[in-house]
Structures are given as structure tokens and as C-alpha cells.
Amino acid sequence: MSETNLHEIKEDFDKIEAKYRDIAGILLGVFEDKIGIKNIGYARIVYRIKTWESFAEKIRRKNYENPFQDTPDICGFRIILRNSVDLNKVVQVVETIVR
């Protein structure tokens, strides 16, 4: 991948990063609401947006031709439970949200 292409990809990444943050913030609220309604005891829900440095390293390493389509983990969530008893309930909640 040329530096010119990488520069163009960086410009696109900068444009969509804010959108990912907005969407992640909305999803965080939805997860908290839906899990709270089910009375599931969770310790916390966190998300992360892949940094430009991490994104660039991955597309170089994997030689992605379509980096935004090929990268499956630009945004990720982690739901931390107090115990595993509620795991299946959380899976059901997540499946209803992401479908």
C-alpha cells in the first residue's frame, strides 16, 4: 500500500471516526437500558474505537484492499458480568439489538 493511498485512507478514517463514536455512545445507552430492564447484574459496559495507528497497522499487515469493509473490529463492545449466571440473558439481549 502506497503512502498516498494510506493518506487518503487516513482522511476517510478521520471522517468516520466521529460517526463511530456517536453510534457507539447510542449503542452503549441501548445496551444499558435493555440489560437493565432484564435485571441482569453487570459490572460495566465499555466500548472502544480502533485508533488510526492500530487501523493502519492492521491494513498494512493484512494487506487489505478495502480496509473499511475488510476490518471487522473498528468498534467493539465489552459487557462485563458479575457472574456467568446471566450470560445467556446478555447474549439474547445483544442478539435482539444487533439483528
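The preceding data block contains the structure.
Computed from a predicted structure; not experimentally measured.

A. Examining helix α2 (residues 52-62) more closely. Within the span of α2, buried status applies to Trp52, Phe55, Ala56, Lys58 and Ile59. The arc that holds every buried residue of α2, seen down its axis, measures 165 degrees, which confines them to one face. When the buried face of α2 is taken as reference, the exposed residues oriented beyond 90 degrees from it are Glu53 and Arg61. Phi turns positive one or two residues past the end of α2, at Asn63, with a value near 55 degrees.

B. Seen up close, the nonpolar core. Within the largest apolar cluster, nine residues are counted, these being Leu6, Ile9, Phe13, Trp52, Phe55, Ala56, Ile59, Tyr64 and Ile74. Listed by contribution, the elements that provide at least two residues to this core are α1 (3-37) and α2. Per-element tally for this core: the top contributor is α2, with four residues. Formed by eight residues, the second largest nonpolar core is a distinct cluster that contains Phe31, Ile40, Val93 and Ile97.

C. Structural context of the side chain of Lys58. With respect to the helices and strands, the residue Lys58 is situated in helix α2. On the accessibility criterion, Lys58 (11% relative accessible area) is buried. In this structure, Lys58 is in contact with Lys50, Asn63, Tyr64, Thr71, Pro72 and Asp73, ignoring residues within four places of it in sequence.

D. Expanded view of the packing of aromatic side chains. Here the structure, examined in full by the defined rule, presents six aromatic pairs. Ring centres of Phe13 and Trp52 lie 5.5 Å apart, and the angle between their planes is 55 degrees; this geometry places the pair in the tilted category. Of this pair, Phe13 sits in helix α1 while Trp52 sits in helix α2, and the two are 39 residues apart along the sequence. The same class applies to Phe13 as to Trp52, namely buried. Arranged with centres 6.0 Å apart and planes meeting at 45 degrees, the rings of Trp52 and Phe55 form a pair that is tilted. One end of the pair is Trp52 and the other is Phe55, both in helix α2 and three residues apart, which spans about a single turn.

Analysis parameters
- Residues numbered from 1 in each chain as written.
- Predicted model: local features only at pLDDT ≥ 70, side-chain atom pairs only at ≥ 80, totals over all residues.
- Heavy atoms only, no water.
- Buried < 20%, exposed > 50% of the residue type's maximum accessible area, 1.4 Å probe, protein only.
- Helix = DSSP H or I, 4+ residues; strand = E, 2+ residues; numbered from the N terminus.
- Arc of directions from axis to C-beta.
- Core = buried A, V, L, I, M, F, W, Y, C linked by side-chain atoms within 4.5 Å.
- Contact = heavy atoms within 4.5 Å.
- Phe/Tyr/Trp six-rings, centres within 6.5 Å; stacked < 30°, edge-to-face > 60°.

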